[in-house]
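Examining the three-dimensional arrangement
What follows is each chain in one-letter form.
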Amino acid sequence: MKFIFKLVFVVSAVIVVLTGCEATDDSFLQVRTVVLPVEADDSVGSYWIDGDVVYYSVNPSVGELEINEAAEFTSDMNTKIYQYDNLRGEKSLLYQYDIGWQVDVNDMGLCGDILYWDDNVNKDGFQVVGYDLKENKFLGTIFSFEDIGDENLVITPETDGEKIYFSAIDEGGIYVYEYRDGVVSKINEEIYLSSAYEHLDSYNGTYVVAVQGDDGYQIAEMTKDGRINPVDSLSYEYVSLLQINEKYVSFLSDESRDEITVINRKSKQTTSFEVGSFFNYGLLDNYIIINCNDHFRIINLESGEDYEEAHIEDGFYLWLFDRGEMCTSLNDNEILIFRNCSE
């Protein structure tokens, strides 16, 4: 791998302030778009938003390689990691791979001064690599499957800014792991997830998980020290895509993926919504944001308002990420950002 020092380019792009809020119409849900500066036919991979700065990966066009295997892979085709200051319109190259083929970059995040991402360079299992933004230095692998077990080819790391957390398999069970200060630790007894590769969600250090009971699965909160506390007394036959915030816990509650159930953490009131076919969803304060591929359906859990946003005719929206104070989704080189401006 090759370290590339920061190069700064001033680019022409639509400048949208990502921080702050200005509610529009009768809704407090702000919807904004940031356009990432990329060359034609280049592909944006993973990304992370930090204030008015966006970090993202790019796989350049490989030209004739798509149709001619004998064509040469050149250095300009290497996967690149960029930093883009949306307010100033400045694009900086942080790092460029140099391994003779393009890399799949996934689950980018920012933990302290360390920008991290999962790549597929190690064919034996997952590895998470890091870039020190303060020192302008690529760190290489910060942790990998070797810290857990060879059953784990893929993980989906998340961060709260202080630690990186994820679920992984160990001796056939699924557990929650945390990485901080150079150490990977298992923090709990066995939990249930419909897939070991689901994105974990947490709020103020509390994870939302499911545990298996006699009559199905029970929704629970798991504290920092691994203690399990049920959210309510109900059991569910199917649980997937668990999310949590200050007021609510939500999850898919039907195997056909057409029902989202929401539990009020204080009152324990449970409400289910039939949502039809969709890709995935996000829980943002008192809003359920449903990714329907070519648009988003918004449900206000307090007012009951139900409406649609951000219809597109070309392409489709990729995974909707719940980033605490915002939900984001990517379409080509445009990131759609949902933010609650009521507070």
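Residues numbered from 1 in each chain as written. Predicted model: local features only at pLDDT ≥ 70, side-chain atom pairs only at ≥ 80, totals over all residues. Heavy atoms only, no water.

Considerations on the side chain of E198
Note that E198 resides in the loop between β14 (183–186) and β15 (202–203). Among buried Asp, Glu, Lys and Arg side chains, E198 stands out as unpaired, with R257 the closest opposite charge at 6.9 Å. Of the polar contacts made by the side chain of E198, one reaches the side chain of S194; its length is 2.3 Å. With sequence-adjacent residues up to four places away left out, E198 is seen in contact with T156, S167, L193, S240, L241 and L242. (Helix = DSSP H or I, 4+ residues; strand = E, 2+ residues; numbered from the N terminus. Buried < 20%, exposed > 50% of the residue type's maximum accessible area, 1.4 Å probe, protein only. Lys, Arg positive; Asp, Glu negative; His and termini not counted. Salt bridge = Lys/Arg side-chain N within 4 Å of Asp/Glu carboxyl O. Polar contact = N/O pair within 3.5 Å; in protein donor to acceptor, adjacent residues only side chain to side chain. Contact = heavy atoms within 4.5 Å.)

With respect to a nonpolar patch on the surface
On the surface, a cluster of nonpolar side chains totalling about 270 Å² of accessible area is made up of L153, V154 and Y197. Given the relative accessible area of 40%, V154 is considered partly exposed. (Patch = residues over 30% accessible without salt bridge, like charges linked within 9 Å, V, L, I, M, F, W, Y side chains within 5 Å. Areas by Shrake-Rupley, 256 points an atom, 1.4 Å probe, with all protein chains shown as cover.)

A look at the layout of surface pockets
Space inside the largest pocket adds up to approximately 820 Å³. If you trace the largest pocket, you find 38 residues lining it, with Y165, D201, S202, R323 and G324 closest to the centre. Sorting the residues of the lining of the largest pocket by element identifies β11 (158–159), β13 (173–180), β15, β19 (240–244), β23 (280–284) and β27 (321–322) as the ones contributing at least two each. For the lining of the largest pocket, the per-class residue count stands at 13 nonpolar, ten polar and 15 charged. In this structure, the second largest pocket occupies an estimated 420 Å³ of space. In terms of lining, the second largest pocket is formed by 26 residues, of which the most central are D104, V105, N106, D107 and D118. Those elements giving two or more residues to the lining of the second largest pocket turn out to be β3 (43–50), β7 (105–111) and β8 (114–119). Here the residues of the lining of the second largest pocket are counted per class, giving twelve nonpolar, eight polar and six charged. (1 Å grid on protein atoms, 1.4 Å probe; cavity = no way out; pocket = protein on both sides within 12 Å on 5 of 7 lines; lining within 4 Å. Points joined across faces, edges and corners; volume = space filled by probe spheres on them. Nonpolar A, V, L, I, M, F, W, Y, C, P; charged D, E, K, R; others polar.)

Here's the deal with unusual backbone geometry
Glycine aside, negative phi is the norm for most residues, and most peptide bonds take the trans geometry. One non-glycine residue, N204, adopts positive backbone phi at about 50 degrees. A residue is classified by how much of its surface remains accessible, and N204, at 62% relative accessible area, is exposed. The backbone of K268 sits at a positive phi, close to 70 degrees, despite the residue not being glycine. Tracing the sequence through the fold places K268 in the loop between β21 (259–264) and β22 (270–274). Using a relative accessible area of 41% as the deciding quantity, one classes K268 as partly exposed.

Things to note about the sheet that holds strand β10 (residues 137–144)
With antiparallel pairing, four strands are arranged side by side in an open sheet as β7-β8-β9-β10. In the strand order of this sheet, the two ends are held by β7 and β10, each with one partner. Each strand of the sheet is rotated relative to its neighbour by a mean of 25 degrees, with strand direction disregarded. Direction of pairing for β7 relative to β8: antiparallel, over a ladder of five bridges. In the sheet register, V105 faces β8, and the bridge partner there is D119. (Pairing = 2+ DSSP bridges. Axes fitted to C-alpha atoms, helices over the stretch in contact; angles between N-to-C directions.)

With respect to the pattern of salt bridges
If you walk through the whole model with that rule in mind, you get ten salt bridges. The partner of E158 in a salt bridge is R323, with the nearest N and O atoms 2.8 Å apart. One end of the pair, E158, is in strand β11; the other, R323, is in the loop between β27 and β28 (326–331), and 165 residues separate them in sequence. Of the two residues, E158 and R323, both sit in the buried class. Close ionic contact of R180 with E178 constitutes a salt bridge, the shortest N to O distance being 3.7 Å. When its relative accessible area of 35% is taken as the criterion, R180 is described as partly exposed.

With respect to the packing of aromatic side chains
For the structure on display, the rule yields 17 aromatic pairs. With a centroid separation of 3.9 Å and 15 degrees between ring planes, the pair formed by Y192 and Y217 is classed as stacked. Of the two residues, Y192 sits in the loop between β14 and β15 while Y217 sits in strand β17 (residues 217–222), which places them 25 residues apart along the sequence. In this pair, the class of Y192 matches that of Y217, namely buried. Of the aromatic side chains, those joined through ring pairs into one cluster are F126, F143, F166, Y177 and Y179. Between K91 and the ring centre of Y82, over which it is positioned, the NZ or CZ distance is 4.3 Å. (Phe/Tyr/Trp six-rings, centres within 6.5 Å; stacked < 30°, edge-to-face > 60°. Lys NZ or Arg CZ within 6 Å of the ring centre and 35° of its normal.)

Side note on the pairing of strand β25 (residues 296–300)
Within β25, five of the five residues are buried, leaving the element largely enclosed by the surrounding structure. Here β25 shows a buried face lined by F296, I298 and N300 and a second buried face lined by R297 and I299. Pairing of strand β24 (residues 287–291) with β25 involves five bridges; the strand directions are antiparallel. Residue pairing in the sheet places N291 in a bridge with F296 of β25. With four bridges joining them, β25 and strand β26 (residues 306–309) adopt antiparallel strand pairing. In the strand pairing of β26, I299 is matched with D306. Where β25 hands over to β26, the hairpin turn is made up of five residues, of which G304 adopts a positive phi near 85 degrees.

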